[in-house]
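# Working through the structure, step by step
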Amino acid sequence: KEEQIQIFALVAFYIATNGPASWEKNDAWLELNDAGDVKHAECSWHGVFCNKEGRVLEIILPNNGLSGELVDEIFLLDKLRHLDLQGNSLSGTVSPDISQLNNLVQLKLSSNVFQGTIPTDIGHLTNLEILWLFDNAFTGALPSEMGLMNSLIDLSLEENYGSKSDGFFGIITNQ
């Protein structure tokens, strides 16, 4: 069942980010494995990295022509440790459901066109060491819950200019 959920999440992500039409590199996406079935086929898809049990640990697709919105199905990948989607044209808001990725160590969403506020639930990503949200259109108050992110060593929020303000405001305290 976990494998089916994983494939479902990745296929939904691929379609929602215009994989067939706009990705610069999409080698092996939606293809079967050498045995002619889908068992762990996703582990050979460009930018997807798995552990020996076939669970997706990393999605690394920077500067790859992704567009569209980050679909909630991606948050079903509960073993995900690295999500690097920087330098694309992803838009919309970041869902509070991102907190479901509680194994994330690196989240790189910089240089896209995300907007709105940073969800307060992002503070529940307590294993996060790197958070790059720079060069988007995020606005509003920084969630105080970000103070819960005790593992954070690299936080980059600069160059966020939304239509209603000149970026962020607020104080993050170590909670």
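The structure contained in this document is the topic of the report that follows. (Residues numbered from 1 in each chain as written. Predicted model: local features only at pLDDT ≥ 70, side-chain atom pairs only at ≥ 80, totals over all residues. Heavy atoms only, no water.)

### Examining the sheet that holds strand E2 (residues 56–60)
Taken in spatial order, the six strands of this open sheet run E1-E2-E4-E6-E8-E11, and their pairing is mixed. In the strand order of this sheet, the two ends are held by strand E1 (48–50) and strand E11 (154–156), each with one partner. Pairs of neighbouring strands in the sheet enclose a mean axial angle of 15 degrees, with direction left out of account. One ladder, built from three bridges, connects strand E8 (residues 130–132) with E11; its direction is parallel. Bridge assignment links Ile 130 to a residue of E11, and that residue is Asp 154. (Pairing = 2+ DSSP bridges. Helix = DSSP H or I, 4+ residues; strand = E, 2+ residues; numbered from the N terminus. Axes fitted to C-alpha atoms, helices over the stretch in contact; angles between N-to-C directions.)

### Things to note about the environment of Ile 153
Counting through the fold element by element, Ile 153 comes out in the loop between strand E10 (140–141) and E11. Ile 153 sits 22 residues away from Leu 131 along the chain, and the two C-alpha atoms are 8.5 Å apart.

### With respect to the state of the cysteines
All told, the structure shown has one disulfide when counted by the stated rule. Between the sulfur atoms of Cys 43 and its disulfide partner Cys 50 the distance amounts to 2.2 Å. Negative torsions about the S-S bond denote left-handed disulfides, and the value of about -95 degrees found for Cys 43 with Cys 50 makes this one left-handed. Overall, the relative accessible area of 23% leaves Cys 50 in the partly exposed class. (Disulfide = S-S within 2.5 Å. Buried < 20%, exposed > 50% of the residue type's maximum accessible area, 1.4 Å probe, protein only.)

### A word on the side chain of Gln 6
Turning to its location among the elements, Gln 6 is positioned in helix H1 (residues 2–16). The class of Gln 6 is buried, set by a relative accessible area of 4%. One polar contact links the side chain of Gln 6 to the main-chain amide nitrogen of Val 56, over a distance of 2.9 Å. For Gln 6, the residues in contact, after removing those within four places along its chain, are Glu 42, Gly 54, Arg 55, Val 56 and Leu 77. (Polar contact = N/O pair within 3.5 Å; in protein donor to acceptor, adjacent residues only side chain to side chain. Contact = heavy atoms within 4.5 Å.)

### A look at the environment of Asp 135
Looking at where Asp 135 falls in the secondary structure, it is placed in the loop between E8 and strand E9 (137–138). As a C-alpha pair, Asp 135 and Val 113 span 22 residues in sequence and 7.7 Å in three-dimensional space. Setting aside residues no more than four positions away along its own chain, Asp 135 makes contact with Ser 110, Ser 111, Asn 112, Glu 158, Glu 159 and Asn 160. Of note is the side chain of Asp 135, whose polar atom sits 3.1 Å from the side chain of Ser 111.

### Describing the nonpolar core
In this structure, Phe 13, Trp 29, Ile 59, Leu 85 and Leu 107 are the most contacted members of the largest nonpolar core, which totals 41 residues. Breaking this core down by element, the ones donating at least two residues are H1 and E2. Ranked by residue count, the leading element in this core is H1, at five residues. With near-sequence residues (within four places) excluded, Leu 85 lies in contact with Phe 13, Ile 59, Leu 61, Leu 66, Leu 70, Leu 90, Lys 108, Leu 109, Ser 110 and Asn 112. (Core = buried A, V, L, I, M, F, W, Y, C linked by side-chain atoms within 4.5 Å.)

### Points about the pattern of salt bridges
Using the criterion set out here, one finds two salt bridges in the structure. We note a salt bridge from Glu 2 to Arg 55, for which the minimum N-O separation is 2.5 Å. With Glu 2 in helix H1 and Arg 55 in the loop between E1 and E2, this residue pair connects regions lying 53 residues apart in the sequence. Two residues, Asp 78 and Arg 55, come together in a salt bridge whose shortest N-O distance is 2.7 Å. Taken as a pair, Asp 78 in the loop between strand E3 (67–69) and strand E4 (82–84) and Arg 55 in the loop between E1 and E2 lie far apart in primary sequence, 23 residues in all. What makes Asp 78 partly exposed here is its relative accessible area of 33%. We classify Arg 55 as buried; its relative accessible area is 15%. Beyond isolated ion pairs, a larger network of salt bridges with shared partners links Glu 2, Arg 55 and Asp 78. (Salt bridge = Lys/Arg side-chain N within 4 Å of Asp/Glu carboxyl O.)

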